[in-house]
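Read off the chains here:
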Amino acid sequence: MKILVINEPFVKDFCRTQRWAARTRGRVLRAPDWLAYAAAVLEKSGHQAFLVDMVANEQDKDDLRDLVKAERPDFVVLDSTTPSIYSDIECAKIVKEVSRAKVIMVGPHISALPEETLINAAGSVDVACIGEYDYTVKDVVENYSNLANIKGIAYYSSGSAIRTLQRPLIENLDDLPFPAWHHLDLMKYFDGGKLYPYIDIISGRGCPNCCTFCLWPQVMHGTRYRLRSPSNVVDEIEYDIKLCPQVTRGGEFFFEDDTFTVNKERAVAICEELMRRNLKIIFSVNARVDSADLELFKVMKKAGCRELLVGFESGNQEVLNNVNKNITLEESRRLVDYAKQARLQVHGCFVIGLPGETEQTAVQTVDFALSLGLTTLQFSGAVPFPGTKFFDLCMERGWIEAKPWSAWLDTGEQAGVVKYPALNQERINYFADLGLKRFYLRPAYIIKFLFKTRSFSDLYRKVRGAANFLNYLFARRGKC
């Protein structure tokens, strides 16, 4: 079978693969890692699979039309997110207009709302893959005439959406092939907070914590941390180096696990395997405040770790409690202290507009963020995505300001979509932007930014990142 696996066009710089899909304030563009896994599984099974990132290629819907018409695939796989879902359905209609291909849609939005999405698509989308879809896509391609017996899907039939039995999560992640990066130009992907170029590594799936706002564990990968073996993870790193040697020349690997540090023994084992093979790489990881461990941080630093990306979320303890974050402000300060002792940088992630937020708590969060001594940070407006407990709570309390789904973006920009009695959407966006301005426009930060440059690729990263940030600020001028 011939299958096109497509990250379809939407607004410029739209990033589907991050946890909160949007055109981010830093214009981050991540490679479509989950689609790359699905494409690799199809290739391993002997199919003709082609992974196309039309966002990175700066292609539009006319290009999609031409691509499908020229390739004449048997199946087309499209991604889905909440802000882009109407456009995603429009892309499915384009596929149907110019080909006889069956359309399979994957991703968080259709996973959360498969029946609604299939009905809205009215036959343009044939099958929805619900949740983790690496093997589900392959099963649909190979057993299309028997959809009722395929677990983990919903399919459109005679004006109705029919859901099948739930599919178990993948237990042996080592059995999966490495992502099909060979279809992509990895130099096109950029994140101003990461070294350039960077490549994502997913060494485990799922998160044992139950934060009410977090999309991926609740909708896609579950709340149990399933692990790949250290040898398999490092095998992939070696494979990626051969594919994109530039990653060792000023770039880095990023462990995209929800929380790399939650299992200390396994994290140490990966570091030891890197050192045993004498791989001189740089890497960064996602970490949780309550997994701070000085001994672990020192081992990670020795193995090449540069930075921890940490979800501090709020500077108000009650807000943290409201979203079941299960951390304290004191633990946040301790993590930063341990990281500094281990000579690790820290990127802080903060959210404005979680349940219980007021103007006073928003100011506390901005002040707290600036008091931690972080290397870099980001502020986002809270987004209650379908399938999360946060979304259900907002619907129950009448807090959601944005309707329909297309309103989940503000002219393409990342934006808050909730409205509380004491805090509206405009003020949520105001405080998110205020935090960014107060941090990045400090003279001390600008001086450090200019003079601590590692290499030409680091200079490129900084100049492009600064330009992206200023582009966002000018785009928002007059709104805050």
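Everything below is about the structure shown above.
My aim in this report is to walk through the structure given alongside it, one point at a time.

Criteria and thresholds
- Residues numbered from 1 in each chain as written.
- Predicted model: local features only at pLDDT ≥ 70, side-chain atom pairs only at ≥ 80, totals over all residues.
- Heavy atoms only, no water.
- Phe/Tyr/Trp six-rings, centres within 6.5 Å; stacked < 30°, edge-to-face > 60°.
- Helix = DSSP H or I, 4+ residues; strand = E, 2+ residues; numbered from the N terminus.
- Buried < 20%, exposed > 50% of the residue type's maximum accessible area, 1.4 Å probe, protein only.
- Lys NZ or Arg CZ within 6 Å of the ring centre and 35° of its normal.
- Expected span 1.5 Å × (residues − 1).
- Contact = heavy atoms within 4.5 Å.
- Salt bridge = Lys/Arg side-chain N within 4 Å of Asp/Glu carboxyl O.
- 1 Å grid on protein atoms, 1.4 Å probe; cavity = no way out; pocket = protein on both sides within 12 Å on 5 of 7 lines; lining within 4 Å.
- Points joined across faces, edges and corners; volume = space filled by probe spheres on them.
- Nonpolar A, V, L, I, M, F, W, Y, C, P; charged D, E, K, R; others polar.
- Axes fitted to C-alpha atoms, helices over the stretch in contact; angles between N-to-C directions.
- Parallel < 35°, antiparallel > 145°, perpendicular 65-115°, else oblique.
- Left-handed = near helix turned anticlockwise from the far one by under 90°.
- Arc of directions from axis to C-beta.
- Pairing = 2+ DSSP bridges.
- Disulfide = S-S within 2.5 Å.

## Concerning the packing of aromatic side chains
Next, step 1: Evaluated as defined, the whole model comprises 16 aromatic pairs.
Next, step 2: Here F255 and F283 contribute two aromatic rings whose centre-to-centre distance is 5.6 Å and whose plane-to-plane angle is 75 degrees, an arrangement assigned as edge-to-face. Placement of F255 in strand β11 (residues 252-255) and of F283 in strand β12 (residues 283-287) is noted, with a sequence separation of 28 residues between them.
Next, step 3: Classification of F255 by relative accessible area gives buried; the value is 0%.
Next, step 4: Overall, the relative accessible area of 0% leaves F283 in the buried class.
Next, step 5: Residues W399 and Y420 carry aromatic rings whose centres are separated by 4.9 Å and whose planes lie at 75 degrees to one another, so their mutual orientation is edge-to-face. Of the two residues, W399 sits in the loop between α14 (389-397) and α15 (425-440) while Y420 sits in the loop between α14 and α15, which places them 21 residues apart along the sequence.
Next, step 6: An aromatic cluster of at least three residues, connected via ring pairs, comprises W34, Y37 and W216.
Next, step 7: In this arrangement the basic side chain of K194 is found over the ring face of Y198, its NZ or CZ atom lying 5.2 Å from the centre.

## Details of the environment of A92
Next, step 1: By the secondary structure assignment, A92 is in helix α3 (residues 85-98).
Next, step 2: According to the relative accessible area criterion, A92 is buried, its value standing at 0%.
Next, step 3: Along the sequence, A92 and G123 sit 31 residues apart, while their C-alpha atoms lie 9.2 Å from each other.

## Overview of helix α8 (residues 230-243)
Next, step 1: Helix length check: α8, at 14 residues, gives a terminal C-alpha distance of 20 Å against a target of 20 Å (1.5 Å per residue), a fit within 8%.
Next, step 2: Contact partners of the buried residues in α8: α1 (33-44), β8 (198-201), β11 and α9 (264-276).

## Section: the pattern of salt bridges
Next, step 1: With the rule as written, the count across this model stands at 35 salt bridges.
Next, step 2: D13 is the partner of K12 in a salt bridge, and the nearest nitrogen-oxygen pair spans 3.8 Å.
Next, step 3: Judged by its relative accessible area of 53%, K12 is exposed.
Next, step 4: On the basis of relative accessible area, D13 is assigned to the partly exposed category, the value being 25%.
Next, step 5: Taking the shortest distance from any N to any O, the salt bridge between R277 and E238 comes out at 2.9 Å. Taken together, the residues span a long stretch of sequence, with R277 in the loop between α9 and β12 and E238 in helix α8 at a distance of 39 residues.

## Some details on empty space enclosed by the protein
Next, step 1: Scanning the entire structure with this criterion turns up six cavities of 30 Å³ or more.
Next, step 2: If you add up the space inside the largest cavity, you get close to 90 Å³.
Next, step 3: Residue lining of the largest cavity: T17, R19, R30, W34, G204, R205, G206, W216, H221, E256, D257 and D258, and that is the complete set.
Next, step 4: Of all the elements in the fold, those that place two or more residues in the lining of the largest cavity are β9 (204-205) and α7 (215-221).
Next, step 5: The residue inventory of the lining of the largest cavity, partitioned by class, reads two nonpolar, four polar and six charged.

## Focus: the layout of surface pockets
Next, step 1: In this structure, the second largest pocket occupies an estimated 420 Å³ of space.
Next, step 2: In this structure, the second largest pocket is lined by 22 residues; those nearest its centre are I130, G131, Q166, R167 and L169.
Next, step 3: Considering each element in turn, the lining of the second largest pocket owes the most residues, five residues, to α7.
Next, step 4: In terms of residue class, the lining of the second largest pocket is made up of ten nonpolar, nine polar and three charged.

## A word on the packing of α9 against helix α10 (residues 294-303)
Next, step 1: Between α9 and α10, the shortest axis-to-axis distance is 9 Å and the interhelical angle comes to 25 degrees. Judged by the inter-axis angle, α9 sits roughly parallel to α10. Helix-helix and strand crossings are classified by hand; for α9 and α10 the assignment is left-handed. Between α9 and α10, the residues in contact are K264, A267, V268, C271, L274 and M275 and E295, L296, V299, M300, K302 and A303, respectively.
Next, step 2: Class assignment for the residues of the contact of α9 with α10 results in nine nonpolar, no polar and three charged.

## Observations concerning α14
Next, step 1: All of the buried residues along α14 are F390, F391 and C394. The buried residues of α14 occupy an angular sector of 100 degrees when projected down its axis, which confines them to one face. For α14, exposure combined with an orientation more than 90 degrees from the buried face picks out K389 and E396.
Next, step 2: A positive backbone phi angle near 75 degrees is found at G398, which sits one or two residues after α14.

## Focus on the sheet that holds strand β15 (residues 376-381)
Next, step 1: Pairing in this open sheet of six strands is parallel, and the strands run β8-β11-β12-β13-β14-β15 from one edge to the other. Looking at the sheet topology across the chains shown, the edges are occupied by β8 and β15. With direction set aside, neighbouring strand axes in the sheet form an average angle of 20 degrees.
Next, step 2: One ladder, built from six bridges, connects strand β14 (residues 345-352) with β15; its direction is parallel.

## Regarding the state of the cysteines
Next, step 1: Within the structure shown, the criterion is met by zero disulfides.
Next, step 2: Take C91: it sits in no disulfide, and the sulfur closest to it among the cysteines is that of C15, at 16 Å.
Next, step 3: Note on C271: no disulfide assigned, nearest cysteine sulfur contributed by C305 at a separation of 7.2 Å.
Next, step 4: Given the relative accessible area of 0%, C271 is considered buried.

## A short note on the packing of helix α13 (residues 359-371) against α15
Next, step 1: Running from amino to carboxyl end, α13 crosses α15 at an angle of 20 degrees, the nearest separation of the two axes being 10 Å. Put simply, α13 runs roughly parallel to α15. Both α13 and α15 take part in a crossing whose hand is right-handed. Contact residues: E359, A362, V363, V366, D367 and L370 in α13; R427, F431, G435, R438 and F439 in α15.
Next, step 2: Residues that form the contact of α13 with α15 fall into these classes: six nonpolar, one polar and four charged.

Spatial relationships are all this shows, so hold off on functional conclusions.
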